[in-house]
Amino acid sequence: MALGKIKADTLEHSTAGSLDTSYVVNGSAKAWLKYDQATTTAIDVSFGVSGITDEGTGDATTAFTNSFSSADFVHSGFAKENGLINWKSCAAGNIRCVTITTSASNADYDEVAIILHGDLA
Amino acid sequence: MQTPEFQGTPLFDRLCWAKENLDGVQSDYRVVYEDKIDECAKILVPDPNWMACALQGGILPPVEVYHELAKDEAQPDFTKHTRGYLLHETQPVGRMTEEEAIEYLIKKDCPQAVWKTYNEGNRLKMVICKKKQLPQTREWRNAWKIDQDLIAA
């Protein structure tokens, strides 16, 4: 492969100790995105995502390019200002989230961010 | 830019390469489909970075790989993918046109029950359109359906 590659199991600092590189690999977000569902649904920035399905008001499913090893992955999310985000369902290859207001009704937001961590397939 | 030889390279690494080297492509295409009779029409929007990978070629695995993983996940005793290597070791697909990429995305992210029989039965279940053909506001979003009369016309 034409990419440069450094192979190392450990990173060591001169005074602060060492770190197993598996922490870096396992700890990195495997997919993330910010999307706008307030006008026409669109993905603003992303990584590891193939597309988003607008399923209704505040309701959207994000599909991953590299599936997780199972549905047991970790996700966090934010919606602009007072928006809250709940997850409705997930599988190894996608997650369905709903953005709601503080009064718990579905609502569209122009900035919704989701970050996903876990083991990839 | 030439895509490196990626067969055998973890898909995550390929996506990192693409993120660093390719500009995202905002597609104008949208896929509108109905998968449940009592729910509104769904709208599939391609991801710009994913579309860049599809147009570049040599990065994404064949869509059949995702179908194989979906079959595994549908098994009642499924706990964890054991055939993830299919994503990494299968020969990546070559350069696609934007239309071919949308077809790939439909097969990947739309329910199979929709795209395999989209024009059977008494209602068209799926349509590919341009963004500007969708309603310009989200008023009554939860009541949106595919306009069968418009399609017939």
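Novice: Would you mind showing me how to read the interface of chain A and chain B here?
Specialist: Many authors give the size of an interface as the accessible area that is lost as the parts come together. Between chain A and chain B, the residue contacts involve 32 residues of the former and 34 residues of the latter. At the level of elements, β4 (42-47) and β5 (49-56) of chain A are the ones that each hand at least two residues to the side of chain A that touches chain B. In terms of strand pairing, β5 of chain A meets strand β2 (residues 42-46) of chain B through four bridges, oriented antiparallel. Across the sheet, G51 of chain A pairs through a bridge with P46 of chain B, a residue of β2 of chain B.

Novice: What is the right way to look at the confidence of the model for chain B in this model?
Specialist: Detail in the predicted coordinates should be disregarded across regions flagged by low pLDDT. Averaged over all residues, the pLDDT of chain B is 95; the fraction at 70 or higher stands at 97%. The complex prediction reports pTM at 0.92, with the ipTM value standing at 0.95.

Novice: Mind showing me how you'd approach the nonpolar core here?
Specialist: When a protein is soluble and globular, its nonpolar side chains tend to lie buried together. Counting 51 residues, the largest nonpolar core has I43 and V49 of chain A together with V31 and A54 of chain B as the members making the most contacts within it. Looking at which element gives the most residues to this core, the answer is helix α5 (residues 98-109) of chain B, with five residues.

Novice: For this particular structure, what's the right way to read the sheet that holds strand β10 (residues 112-117) of chain A?
Specialist: Backbone-to-backbone hydrogen bonds pair the strands of a sheet. The strands run either parallel or antiparallel. Residues and elements named next belong to chain A. Read across the open sheet, the four strands follow the order β4-β3-β10-β7; overall the sheet is antiparallel. The outermost strands of the open sheet, each flanked by one partner alone, are β4 and β7 (74-79). The sheet shows a mean angle of 15° between the axes of neighbouring strands, taken without regard to direction. Here β7 pairs with β10 via six bridges, running antiparallel. Residue pairing in the sheet places A79 in a bridge with V112 of β10.

What counts, and where the lines are drawn
- Along each chain, the written sequence defines residue order, and numbers are assigned to residues from 1.
- Labels are handed out in written order, letters beginning with A for the chains and numbers beginning with 1 for the ligands.
- It should be noted that, the model being predicted, local features are given only for residues of pLDDT at least 70 and side-chain atom pairs only at 80 or more, the latter also being counted only at that level, while totals for whole chains, interfaces and linings use all residues.
- In this description, any two residues whose backbone-derived C-beta atoms lie within 7 Å of each other are considered to be in contact.
- Working definition: helices are DSSP H or I runs of at least four residues, strands are E runs of at least two. Numbering for both runs from the N terminus.
- Strands qualify as paired when DSSP identifies two bridges or more between them.
- Values of pLDDT, ranging from 0 to 100, describe the predictor's confidence in every residue of the model.
- In this usage, the nonpolar core is the set of buried Ala, Val, Leu, Ile, Met, Phe, Trp, Tyr and Cys residues whose C-beta atoms join them within 7 Å.
- With C-beta atoms placed from the backbone, the exposure class of a residue follows from how many other C-beta atoms lie within 10 Å of its own: 20 or more, buried; 12 or fewer, exposed; in between, partly exposed.
- An axis is simply a line fitted to the C-alpha atoms; with a helix, the fit covers only the stretch in contact. Between two such axes, the angle follows the N-to-C directions and lies from 0 to 180 degrees.

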